[in-house]
Amino acid sequence: MRRLLSTLTLAVAVVLAGAAVAAEEPAEAEAPILIRFSHVVAEETPKGQGALLFRRLVEERLAGKVEVRVHPNSSLYGDAKEMEALLLGEVEMLAPSLSKLYRYSPALQLFDLPFLFDNMAALDRFQNSPDGRELLRSVEPRGLLGLAFWHNGMKQLTANKPLRQPADAAGLRFRIQSSAVLEAQFETLGAKAVKLPFSEVLHALKRGYVDGQENTWSNMWTQRFFEAQKYVTETNHGVIDYIVVTNARFWNGLPEGIRTALEAILDEVTAEVNRQADAINEAARQSMLAGGKIQLVALDKPQRAAWREAMRPVWRRFEGEIGTERIAEALAANRR
Ligand code: LMR
């Protein structure tokens, strides 16, 4: 009996001691939810700035609950792998160019049609219309969630010879994003389109693997394309714009309060990115031209009309996949 009592006493003592230790130890802190935001451009571009602002606001408002890590300049994943990484849960957020998303939603090819939007304000109006919002949701059947449209800017053409008339582009090789519309756009000019990831463009231009390319001022400036190209023709013939995209399973699995807070932050960041994009591109334009390494080819009205006419057949080729009504809606945004 005495032995039983002392065994019980010992057991109680062990339990109490354990409880005392547990009370002293702070509960193990839950690790913050990690959002890896990967992208392919420099931090000084509209998208680069947007990713940094998103990280800063999350740090300020959701400290300890959510951590955002930004991986710019294809440092984690480049064009070829980033969508796969998102679907496999290796990153949580991307902002790919719309041109690279047509495999996930053919209707997004709309945004690549040459000379569709007169300027970024028209693009913005269209994206905020019911048709635009529908396109943002069009990636959902593929397990993705389109969270916002972010702007970059209008595209210009560069080459090592001045491109004044569409015929000047014939026979040249142009780097393009992975897009069937952009391929058709250069083929219509009698040029050759070469699909290359963004991170390889400067090298390809320097080695002469391609003769020219199309991009925004901010991308051309931050990637130093002016080191490999002598002329930039201010065509404003198309747009580079993004969908901020996440994995639907990840996003819908977030605690509701966190998800709502992230969406509110993203709304704020989107407004700021889209407000600043034109100014960032204009500053890049001025820096690039002031550097003196690349010469501006300005087009007069008839010359720009000639480029528009030359590229126009592309519309007819893709209107079946895109939808003629959708094209008409987008065009109407120029007049609103
Ligand atoms: C490109 O590949 O030229 C651009 O779309 C890169 C980007 O994300 O702006």
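Please refer to the structure higher up on the page.
One structure accompanies this document, and this report is about it. (Residues numbered from 1 in each chain as written. Predicted model: local features only at pLDDT ≥ 70, side-chain atom pairs only at ≥ 80, totals over all residues. Heavy atoms only, no water.)

Strand order in the open sheet formed by five strands is β2-β1-β3-β10-β4, and the pairing between neighbours is mixed. The strands lining the two open edges of the sheet, one partner per strand, are β2 (66-71) and β4 (144-154). Here strand β1 (residues 33-38) pairs with strand β3 (residues 93-94) via two bridges, running parallel. When the bridges of β3 are listed, Ser38 appears paired with Leu94. Against the sheet, helix α2 (residues 46-61) touches β1, β2, β3, β4 and β10 (239-247), its axis set at about 160° to β2. Packed onto the sheet, helix α5 (residues 130-137) meets β4 and β10 and runs at close to 120° relative to β4. (Pairing = 2+ DSSP bridges. Helix = DSSP H or I, 4+ residues; strand = E, 2+ residues; numbered from the N terminus. Contact = heavy atoms within 4.5 Å. Axes fitted to C-alpha atoms, helices over the stretch in contact; angles between N-to-C directions.)

If you look at the biggest cluster of nonpolar residues, it comprises 48 residues, and the most contacted ones within it are Phe54, Trp150 and Leu262. Once residues lying within four places of it in the same chain are set aside, the contact partners of Leu262 are Ile35, Phe54, Val58, Leu62, Val66, Trp251 and Leu254. Leu98, Phe117, Val139 and Trp315 belong to the second largest nonpolar core, which has 38 residues in total. (Core = buried A, V, L, I, M, F, W, Y, C linked by side-chain atoms within 4.5 Å. Buried < 20%, exposed > 50% of the residue type's maximum accessible area, 1.4 Å probe, protein only.)

Taken together, Val40, Val41, Lys47, Ser97, Lys100, Arg175, Gln177, Phe198, Asn215, Asn219, Ile240 and Tyr242 are the residues near the ligand. Lys100 places a polar side-chain atom, nitrogen or oxygen, 2.7 Å from an oxygen atom of the ligand. Within the contact set of the ligand, an oxygen atom lies 2.7 Å away from a side-chain nitrogen or oxygen of Gln177. Protein burial of the ligand: of its 270 Å² of free accessible surface, 100% is covered by the chains. Taken together, the residues that form the shell around the ligand break down as five nonpolar, four polar and three charged. (Near = heavy atom within 4 Å. Polar contact = N/O pair within 3.5 Å; in protein donor to acceptor, adjacent residues only side chain to side chain. Areas by Shrake-Rupley, 256 points an atom, 1.4 Å probe, with all protein chains shown as cover. Nonpolar A, V, L, I, M, F, W, Y, C, P; charged D, E, K, R; others polar.)

Moving on, we come to helix α4 (residues 120-127). What α4 keeps buried is the set Met120, Ala122, Leu123, Phe126 and Gln127. For α4, the arc enclosing every buried residue in end-on projection is 155°, short of the 170-degree limit, so these residues lie on one face. Here the buried face of α4 lies against α5, β4, β10, α10 (256-290) and α13 (324-332). (Arc of directions from axis to C-beta.)

Of note, Thr260 is situated in helix α10. Only 2.6 Å separates the side chain of Thr260 from the backbone oxygen of Glu256, close enough to count as a polar contact.

Inspection of the sheet shows β1 paired to β2 by six bridges, in the parallel sense. Residue pairing for β2: Arg36 is matched across the bridge by Arg69. Regarding topology, α2 serves as the crossover connection from β1 to the parallel β2, and that connection is right-handed. (Right-handed = clockwise from strand over helix to strand, strands pointing away.)

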